[in-house]
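# Summary of the model geometry
In case you want the letters, here they are:
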Amino acid sequence: MDRLIALSLLLFSCAVFVPAERIDTDQLVFHYPAAGRVQLVGDWNRWGGVTGATGIVNPSCGIMENDNGVWTASLPDNLDRGRYRYAFLVNGSQYFPDPANPERTIFIEHEVSVLLID
Amino acid sequence: MTALFLALLLQGQQIDSVETGLNLGLLFHSTASADLKVGLKTLSADTLTVFPGGCYNGDWAQLSATAALEYSADSTCSGLEPVSAGAFFRWPGSPWIATGVSMGLVDPFLAGFDVPVKEWNDYDVMDSTVVTVEAGGLLGFDSFWNQFGDSLSWYGIKSPWLGFGTVSWNGIQENSTELETFSGFLDLRRAQPWFLFVKENSQWTYLTEIRGWQPVRNRCISIEAVPRLFFVEDSSTVGLTGLLRGENRTLSASFTAVMDVDNGSEPFLSAGLDVLSETGIAWSLDAELDHLKDFHGLVSGFYRISPAGCGGSLEMFDDSLRVTATALYSPVRGVSTELSVMSDLSTESPEPECLLRVFGARDDFIGAITVEWGEGSTTMGMEVSAWID
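Residues numbered from 1 in each chain as written. Chains lettered and ligands numbered in written order. Predicted model: local features only at pLDDT ≥ 70, side-chain atom pairs only at ≥ 80, totals over all residues. Heavy atoms only, no water.

## Overview of the overall build of chain B
Looking only at helices and strands, chain B features 1 helix and 25 strands. With respect to the three principal axes, the spread of C-alpha positions in chain B is 65 × 60 × 45 Å. Sorting the 389 residues of chain B into buried and exposed places 41% on the buried side. Partitioning the contacts of chain B with sequence separation of at least 6, the portion at a separation of at least 24 is 29%. Surface exposure of chain B reaches about 20,200 Å², of which carbon and sulfur atoms provide 60%. Separation between the mean location of the 20 positive side-chain charges and that of the 50 negative ones in chain B comes to 10 Å. (Helix = DSSP H or I, 4+ residues; strand = E, 2+ residues; numbered from the N terminus. Buried < 20%, exposed > 50% of the residue type's maximum accessible area, 1.4 Å probe, protein only. Contact = heavy atoms within 4.5 Å. Areas by Shrake-Rupley, 256 points an atom, 1.4 Å probe, with all protein chains shown as cover. Lys, Arg positive; Asp, Glu negative; His and termini not counted. Charge placed at Lys NZ, Arg CZ, Asp CG, Glu CD.)

Pasting the structure below:
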């Protein structure tokens, strides 16, 4: 019986403490051909703020790549599991939630998206 | 954490792209405005701020400093004032043991479910000196302690990559106020229970939801059903959210119903839909009904084709009705013009408000000119931001 308990604990420990695989780097996509610039900002980069999350946004933070009006960016590969809010900042002034992600919440009166990394 | 902020502030990029070595930069930001009813001669600079900064990223040390030189509208100069600074050291060969001293780089933030337990800027700590200690490595656990002056502490232990899920414990102590959270989820493969305990001054809040349960999943769409439970003292709330995702990113929808089971009050209902049609029209619909009487609805449709687009939206708040029409044009790459006309149709004599914005971006430079007119006033605003390496 003791061996069985010890073996069970050992197996449980292996299952518990073996680190899980991190998610593959995912891409976020936003269709906005008439935009001059789209930036990916969120909790992971403190919303691009220079002097805080609600401060001046750094113009070079989270710039998305433009391919014929389809803006793409990869998620940072160092994100821990958890929840993060994010949005697409268009032309430095308008926050748009990710239209492909139905989970929404609010960040300083802007509707933004919620990302789950599990 | 501190290293992340160092990199973000001074590189303006995500931490995975931080270069090692010495980096120097300067952020320039200026705003100006004018009352066009009087004339362009009223154009004057509201703010002009220069943020010079530098950082060194080495194998065992990260050093950074950013300052601000601000000119105000009355032509007074603030002098060079520190915005942030930090010295952060890691034990050579180990990513787990670190310590550092910083100012303006660490801001307590505790993520929640829909809304954070502690939002950015909830604490006024950006001028405080912070001592940070990190230690971990044992079974994937990592711990940190941030001491802000002598009045505020933020500490925690987390293990984000456990095989069966993740756990995180955080505490914030400010004078006699104490906040603790215990959060995480269990990865049961087909379903994931997420949980969050919040204890604030002996009052407990408990939130849980089941994620990953997808009753419908095929090549086109997936529907996730998310049951939720909230307990706050003597009140308990149940909720159910349905999340629909299109596999080709052109469709998403949600529906949420939340009800307080103890008080038996009327439920909160909300629904959302986003569709990108093949013709390039982005449709969006949002509706909220609180206690079956307070209604908010938004319907919008934008035809976005390169280099032009147009669209409109209709927003309803109980008795008010607000309509917006927008036209967009991008003559060259990086330049975008937008003309919006808004009006509140619920008033007896609706007056339109107009906004014209010309925006330009190139490399690490952005600039915008905005003209707003309506209700007897016409104003112009200008904004320039540039990051210079």
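## A word on the interface of chain B and chain A
Interfaces are frequently sized by the accessible area removed from exposure as the parts join. Contact residues are listed per partner, giving 78 residues for chain B and 67 residues for chain A. Between chain B and chain A lies a buried interface of about 5,800 Å² when both sides are counted; carbon and sulfur atoms form 55% of it. Ranking the residues of chain B by area buried against chain A places Trp 161, Arg 249 and Arg 304 of chain B at the top, with a combined share of 15%. The partner of Arg 104 of chain A in a salt bridge is Asp 274 of chain B, with the nearest N and O atoms 3.0 Å apart. Across the contact surface, chain B and chain A share 21 residue pairs in polar contact (both at pLDDT 80 or more). (Buried area = accessible area lost by both parts, 1.4 Å probe. Salt bridge = Lys/Arg side-chain N within 4 Å of Asp/Glu carboxyl O. Polar contact = N/O pair within 3.5 Å; in protein donor to acceptor, adjacent residues only side chain to side chain.)

## Comments concerning the pairing of strand β5 (residues 82-90) of chain A
Residues and elements named next belong to chain A. Along β5, 9 of the 9 residues are buried, which leaves the element largely enclosed by surrounding structure. A two-sided burial pattern is seen for β5, the buried positions comprising Gly 82, Tyr 84, Tyr 86, Phe 88 and Val 90 on one face and Arg 83, Arg 85, Ala 87 and Leu 89 on the other. Bridge analysis of strand β2 (residues 38-42) against β5 gives 5 bridges, and the strand direction is antiparallel. The residue bridging Val 38 from the neighbouring strand is Val 90, located in β5. (Pairing = 2+ DSSP bridges.)

## A word on the sheet that holds strand β3 (residues 65-67) of chain A
Residues and elements named next belong to chain A. Taken in spatial order, the 3 strands make up an open sheet running β1-β4-β3, and their pairing is antiparallel. Of all the strands in the sheet, the pair left with one neighbour each is β1 (27-31) and β3. Averaged over all adjacent pairs, the angle separating strand axes in this sheet is 25°, with direction ignored. The sheet contact formed by β1 and strand β4 (residues 70-74) spans 5 bridges and is antiparallel. Residue pairing in the sheet places Val 29 in a bridge with Thr 72 of β4. (Axes fitted to C-alpha atoms, helices over the stretch in contact; angles between N-to-C directions.)

## Concerning the pattern of salt bridges
Overall, the coordinates contain 16 salt bridges over all chains when judged by the stated rule. Its salt-bridge partner being Arg 104 of chain A, residue Glu 111 of chain A comes within 3.7 Å of it at the nearest N-O pair. What makes Arg 104 of chain A buried here is its relative accessible area of 19%. One salt bridge in this structure joins Arg 228 of chain B and Asp 114 of chain B, with 3.3 Å as the shortest N-O distance. With Arg 228 of chain B in strand β14 (residues 221-232) and Asp 114 of chain B in the loop between β5 (98-103) and β6 (129-136), the pair connects residues that are 114 residues apart, well separated along the chain. Classification of Asp 114 of chain B by relative accessible area gives partly exposed; the value is 30%. Here the residues in one salt-bridge network are Arg 83 and Glu 103 of chain A together with Asp 114, Glu 209, Arg 211, Glu 224, Arg 228 and Arg 245 of chain B, joined through shared partners.

## A look at the pairing of strand β2 (residues 44-57) of chain B
All names here are of chain B. Strand direction decides the pairing type here: strand β1 (residues 21-35) and β2, joined by 13 bridges, are antiparallel. Each bridged residue has a counterpart across the sheet, and for Ser 30 the counterpart in β2 is Leu 48. Strand direction decides the pairing type here: β2 and strand β3 (residues 61-72), joined by 9 bridges, are antiparallel. Among the inter-strand pairings, Asn 57 is bridged to a residue of β3, identified as Gln 62. Counted between consecutive antiparallel strands, the loop separating β2 from β3 contains 3 residues.

## Description of a nonpolar patch on the surface
All names here are of chain B. On the surface, Leu 22, Leu 24, Tyr 56, Trp 60, Leu 63 and Phe 89 cluster together to form a nonpolar patch covering roughly 630 Å² of accessible area. Here Leu 24 shows up in strand β1. Overall, the relative accessible area of 57% leaves Leu 24 in the exposed class. (Patch = residues over 30% accessible without salt bridge, like charges linked within 9 Å, V, L, I, M, F, W, Y side chains within 5 Å.)

## Notes on the packing of aromatic side chains
Tallied over the full model, the rule gives 21 aromatic pairs over all chains. Geometrically, the ring pair formed by Phe 197 of chain B and Trp 204 of chain B is edge-to-face, given 6.1 Å between the ring centres and 85° between the ring planes. An aromatic cluster is built from Phe 30, Tyr 32, Trp 44, Tyr 84, Tyr 86, Phe 88 and Phe 96 of chain A, whose rings are joined through pairwise contacts. The ring of Phe 113 of chain B has Arg 83 of chain A sitting right over it, with the charged end atom 4.2 Å from the ring centre. Sitting over the ring of Trp 194 of chain B, Arg 83 of chain A keeps its end group 4.6 Å from the ring centre. (Phe/Tyr/Trp six-rings, centres within 6.5 Å; stacked < 30°, edge-to-face > 60°. Lys NZ or Arg CZ within 6 Å of the ring centre and 35° of its normal.)

## A short note on unusual backbone geometry
Negative phi characterises most residues that are not glycine, and trans characterises most peptide bonds. Residues and elements named next belong to chain B. In this structure, Asp 363 takes a positive phi of about 50° despite not being glycine. Tracing the backbone through its elements, the reader meets Asp 363 in the loop between β23 (353-362) and β24 (365-374). Look at Glu 375: it is not a glycine, yet its phi comes out positive at around 55°. Note that Glu 375 resides in the loop between β24 and β25 (377-388). By relative accessible area, Glu 375 is classed as exposed at 61%.

## Side note on the environment of Glu 348 of chain B
The topology assignment puts Glu 348 of chain B in the loop between β22 (335-344) and β23. Spatially, the C-alpha atom of Glu 348 of chain B lies 41 Å from that of Pro 116 of chain B, the residues being 232 residues apart in sequence.

## With respect to the confidence of the model for chain A
Close reading of the predicted structure is inappropriate where its pLDDT is low. Residue and element names in this part refer to chain A. Per-residue confidence for chain A gives a mean pLDDT of 82; residues scoring 70 or more make up 79%. For chain A, per-element mean pLDDT is lowest for helix α1 (residues 2-17), which scores 50, and highest for β2, which scores 96. Within the model, pLDDT remains below 50 along residues 10-25, and this stretch shows 28 contacts once partners closer than five positions in the same chain are excluded. (pLDDT = per-residue confidence, 0-100.)

## Describing the environment of Thr 347 of chain B
Residues and elements named next belong to chain B. Tracing the sequence through the fold places Thr 347 in the loop between β22 and β23. Looking at Thr 347, the relative accessible area reads 38%, which means it is partly exposed. Along the backbone, Thr 347 and Val 106 are 241 residues apart, and their C-alpha atoms lie at a distance of 47 Å. A polar contact is formed between the side chain of Thr 347 and the backbone oxygen of Asp 344, at a distance of 3.0 Å.

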